[in-house]
Each structure stands twice: as C-alpha cells, then as structure tokens.
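Geometric and topological summary
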Amino acid sequence: MTPELTNFIGAYHGQIETALHRNLPVSHKPGTERFNQALRYAVFPGGKRLRPVITLLAARLVGVGPEALKSACAIEYLHSSSLILDDLPGMDDADVRRNKRALHLVFGEGIAVLAAVALLNQAYALFGSGARELAGGARIAELLAEATNCIGADGMIGGQVIDLESNATAVNQDVLAHRDAKTIALMRLMMTCNALAAGASEDDFEALAGFGECIGEAYQICDDLLDELAESSQTGKPAGQDARHLRPSAIVESSHYEAQRRALAQLERGKALLAARFSDAPELPLLCEVGDLVTNGVKNLTRFSEAAGLSFGLS
C-alpha cells in the first residue's frame, strides 16, 4: 500500500469508526439490550472498512468532503446487513464471519434478522439525511430511488435470490452475470451516492457508476476464487461455500488463471473509465490502488494452484 493511501485511510479511520458508533440504530426501548449488543457485534470490529474509504474517495471526486461520512456509514451498514443475512441457515448456513462466530449463532436467528433489517433501514435514513445536508433535500428522491434499485429485487436482493435458486450443474454466463448483481450493485451505489446527492453531472455519474460496476465484478470473481482456494483463516469465513451448496461461481467453467485474468481486465476497464473523466484528480490513483487491493489477494493463490495442477469444476 502506498504512503498516500495509507495516510488517507489513517486520516479517516477514526472518523469512520466514530460515525459508525454514533449512527448505529440502537433501540432505546426497555428489553432491547441483546438486540443492541447484536448490532455492535455485527459492525465492530469491522473488516478493512474499504467500502467507506471508497465512498469517501468517490465523494471527493465530485467535490464532497467530510459530509460524505453519513453515506459511508450507510454503505457499511448495508454491507453488514447483507453479511448477517448471508450467514443464516436458510442462506449460506455459515458459522464463522470475520473469524468469529456468526451473529445468529450468538444471538439467535430472530435477533439476527432484526439487526440486519435495522441496519438496512438506517442506511436509507442516512442517505436521506446526508443528501439534505448537501443540497437541501433537492436530490433525496433521486438518491433513494437509486439506492432502492441497487438494494432491491433487481440488485442485491435479486442477486442473492439467483444465488440460492441456481444450480452449479446447469450454470451459464447469463445466470452468473445476474447473480453478481448482489456485489456489483453495492459497489455502484458506494461510487455514486454522493454524486447523486450533490447533483453531479451525468458524465461524472456515469464514470463513477462504471468504475463501481467493474470493481464489483472483479471483486465477485476474486471472492469466488478465494472461496475455493483460500483457507477459512485467511478469509474469516467458511471455505468452499459454493461447492458445499452446489452453487454457480465465476470459476466453474474456467481455470483459476483465466478467472483472475477476467477480474484484472474488468478492473483495468474501470480504471480507464475513471481516468477519462477525472484524470487530474488526486483521488484517482488512490481509487485505482484500492481496486488493485481487490485482486492482489488472489494472485499468489492462483499461481500456486496452476503450478500444482489443481482443477476447477464439479469433478
């Protein structure tokens, strides 16, 4: 990681954590102590917080500064909500997340579902509040429409439905493309939410959205690779989830190297879209570097697997 990106993350890390604590949707009703504990367990300590960092960097490209912290929190809450739901017995039935027991195993499925819904609900509230601070509320409807689309039946939720309903023995690229909506949609939203709130130009919006979609697809491919190649201790969640559930993945019909090559190609396409619009912005190389972090984690794993003659597929 370059000193510039390290310094940016260091400068905002404390602000992100403080804002996440301050905006956490805890209940003030009697008898909700375990629910509040579950919220804190789900959000803290978090992962690398790369999604809030990307949100802040994208905001700066369109002239939005610290005001973007609310949307950065909204994105992290959406991500945390999706992880809680993904781990449930009816979904991935996972017992580990971020190297600790999954939320539903500690607090029960009912509290886990309610915590996920509370985080999702708070995300909408924060998007609206942040947009009001930036533009006096003029852009709230447009932003919430985009957020609803990215999260809803044709976005994150729809992608998860396809993941559950698809069978790896009958996979095709069209199914995979739509399944990946659950990852791509959130990446698109974190790149564009502040552009919408601030009333950025259509060209700015399209460049940001394009980068988000490209990095989202690259991330999903790499996540599929890590699911097959990495140990649970490396990813903080159970390994081999796709194979265990007989679900399709980006690597079921290709070699590890080919899958990585596709991820890198998508990332480079996203970088080019950003560079064409924001070539002089100091945030551009930082966003490109964050994109590289998405793919760097699989490079050594894929080299090892190819050298060892490991294969993909169901055999």
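The following refers to the structure shown. The residue count restarts for each chain, going from 1 along the sequence in the order it is written. Under the rules for a predicted model, residues below a pLDDT of 70 receive no local features and side-chain atom pairs below 80 are neither given nor counted, while totals for whole chains, interfaces and linings still include all residues. Side-chain metrics rest on all non-hydrogen atoms present in the structure, leaving aside hydrogens and water.

In this section: helix α6 (residues 109–135). Only DSSP runs of H or I reaching four residues or more are called helices, and only runs of E reaching two or more are called strands; each is numbered from the N terminus. One less than the number of residues in a helix, times 1.5 Å, gives the span that helix is expected to have. The end-to-end C-alpha separation of α6 is 40 Å, in line with the 39 Å expected for 27 residues at 1.5 Å each. Just downstream of α6 lies G136, where phi reads positive at about 65°.

This next bit is on the side chain of E289. As for its position among the elements, E289 is in helix α15 (residues 283–307). In this structure E289 is buried but unpaired, with K271 as the nearest side chain of opposite charge at 9.6 Å. Any two residues whose heavy atoms approach within 4.5 Å are treated as being in contact. With sequence-adjacent residues up to four places away left out, E289 is seen in contact with M1, T2 and L5. Partly exposed residues are those whose accessible area sits between 20% and 50% of the maximum for their type, while under 20% is buried and over 50% is exposed, using a 1.4 Å probe and protein chains only. When charges are counted, Lys and Arg contribute as positive and Asp and Glu as negative, whereas His and the chain ends are disregarded. The term salt bridge refers to a pairing of a side-chain nitrogen on Lys or Arg with a carboxyl oxygen on Asp or Glu at a separation within 4 Å.

Now for unusual backbone geometry. P45 follows F44 through a cis peptide bond whose omega is -20°. For R98, which is not glycine, the phi torsion reads 55° and is therefore positive. Looking at the element boundaries, R98 is found in the loop between β1 (96–97) and β2 (100–101). With relative accessibility at 24%, the residue R98 sits in the partly exposed group.

Put simply, a nonpolar core is a bunch of buried Ala, Val, Leu, Ile, Met, Phe, Trp, Tyr and Cys residues held in one set by side-chain atoms that sit within 4.5 Å of each other. By size, the foremost hydrophobic cluster in this structure holds 83 residues, and its most contacted members are F127, L189 and L208. Contact partners of L189, with chain neighbours within four places excluded, come to I75, L78, F127, E146, A147, C150 and I151.

The geometry of helix α7 (residues 140–151) relative to helix α10 (residues 181–198) is characterised by a closest axis approach of 10 Å and an angle of 180° between their N-to-C directions. Compared by their axis directions, α7 and α10 come out roughly antiparallel. Seen from α7, the contacting residues are E142, L143, E146, A147, C150 and I151; seen from α10, they are A185, R188, L189, T192, C193, L196 and A197. Think of it as three bins: nonpolar holds Ala, Val, Leu, Ile, Met, Phe, Trp, Tyr, Cys and Pro, charged holds Asp, Glu, Lys and Arg, and polar takes everything else, Gly as well. Its residues placed into classes, the contact of α7 with α10 shows nine nonpolar, one polar and three charged. In this analysis, axes come from line fits to C-alpha atoms, helices being fitted only over the stretch in contact, and the angle between any two N-to-C directions falls in the range 0 to 180 degrees. Any angle that is under 35 degrees is reported as roughly parallel, and any over 145 degrees as roughly antiparallel; angles of 65 to 115 degrees are reported as roughly perpendicular and all others as oblique.

Geometric values such as these leave the question of function open.
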